[in-house]
Amino acid sequence: MSPRYSMSRGDHIQYSFWLVFGADGSMRFSRGEPSLSRGERSMSCTANLPKSLFKTPELKATIGISEAVPSEFKIDIDAAGEALRQVIGCDIDFRVERPA
């Protein structure tokens, strides 16, 4: 992160950038102050984004099944997702993958 265009501050990151609008309907983005042609106008912008925006919660589980359990062992993914949603208050994306 270039300190010239972005600053990390406590719980958020402040981004500085420019938007350039063209008379022909074009638009472009620039981190630093852009040079403009005759038919362009620029606008300086600042965006303050919380650092939490970049943190994606991840929950992993490993389920081991002993040899004594029948080979047809079914996991109700929807029920597990609903149970976790009730506890932690967010939707869960479950995937069951075959062992490698």
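### Concerning the overall build of the chain
Now for step 1: Per the secondary structure count, the chain includes one helix and four strands.
Now for step 2: Taken from the N to the C terminus, the helices and strands of the chain come in the order β-β-β-β-α.
Now for step 3: Looking at the 100 residues of the chain, the share that counts as buried comes to 14%.
Now for step 4: Excluding contacts between residues fewer than 6 apart, the proportion of contacts in the chain whose partners are at least 24 apart in sequence is 39%.
Now for step 5: Total accessible area on the chain is roughly 8800 Å²; 54% of this is exposed by carbon and sulfur atoms.

### Some remarks on the pairing of strand β1 (residues 6-9)
Now for step 1: Where β1 lies against strand β2 (residues 12-22), four bridges are found, and the strand directions are antiparallel. What sits directly across from S6, in β2, is Y15.
Now for step 2: Between β1 and β2, which follow one another and run antiparallel, lie two residues, and G10 among them has a positive phi close to 50 degrees.

### Description of the packing of aromatic side chains
In this description, a pair of aromatic rings is defined by centroid distance and the angle of the planes.
Now for step 1: Evaluation of the coordinates by the stated rule reveals one aromatic pair.
Now for step 2: Seen in terms of ring centroids, F17 and F29 are 5.7 Å apart; in terms of plane orientation they differ by 35 degrees. Their pairing is tilted. Pair noted here: F17 is in strand β2 and F29 is in strand β3 (residues 27-30), with a separation of twelve residues, a long-range link.
Now for step 3: Taking the relative accessible area as the measure of exposure, F29 reaches 53% and is therefore exposed.

### Focus on a nonpolar patch on the surface
Now for step 1: Among the surface-exposed residues, F21, M27 and M43 lie close enough to one another that they form a single nonpolar patch of about 290 Å² accessible area.
Now for step 2: Among the structural elements, F21 can be located in strand β2.

### Quick look at the side chain of E40
Now for step 1: Examined against the element boundaries, E40 turns out to sit in strand β4 (residues 40-50).
Now for step 2: Here R28 takes part through its side chain, which lies 3.0 Å from a polar atom of the side chain of E40.
Now for step 3: If near-sequence neighbours (up to four positions away) are discounted, E40 is found in contact with V20, F21, G22, R28 and S35.

The rules behind each value
- Residues numbered from 1 in each chain as written.
- Predicted model: local features only at pLDDT ≥ 70, side-chain atom pairs only at ≥ 80, totals over all residues.
- Heavy atoms only, no water.
- Helix = DSSP H or I, 4+ residues; strand = E, 2+ residues; numbered from the N terminus.
- Buried < 20%, exposed > 50% of the residue type's maximum accessible area, 1.4 Å probe, protein only.
- Contact = heavy atoms within 4.5 Å.
- Areas by Shrake-Rupley, 256 points an atom, 1.4 Å probe, with all protein chains shown as cover.
- Pairing = 2+ DSSP bridges.
- Phe/Tyr/Trp six-rings, centres within 6.5 Å; stacked < 30°, edge-to-face > 60°.
- Patch = residues over 30% accessible without salt bridge, like charges linked within 9 Å, V, L, I, M, F, W, Y side chains within 5 Å.
- Salt bridge = Lys/Arg side-chain N within 4 Å of Asp/Glu carboxyl O.
- Polar contact = N/O pair within 3.5 Å; in protein donor to acceptor, adjacent residues only side chain to side chain.

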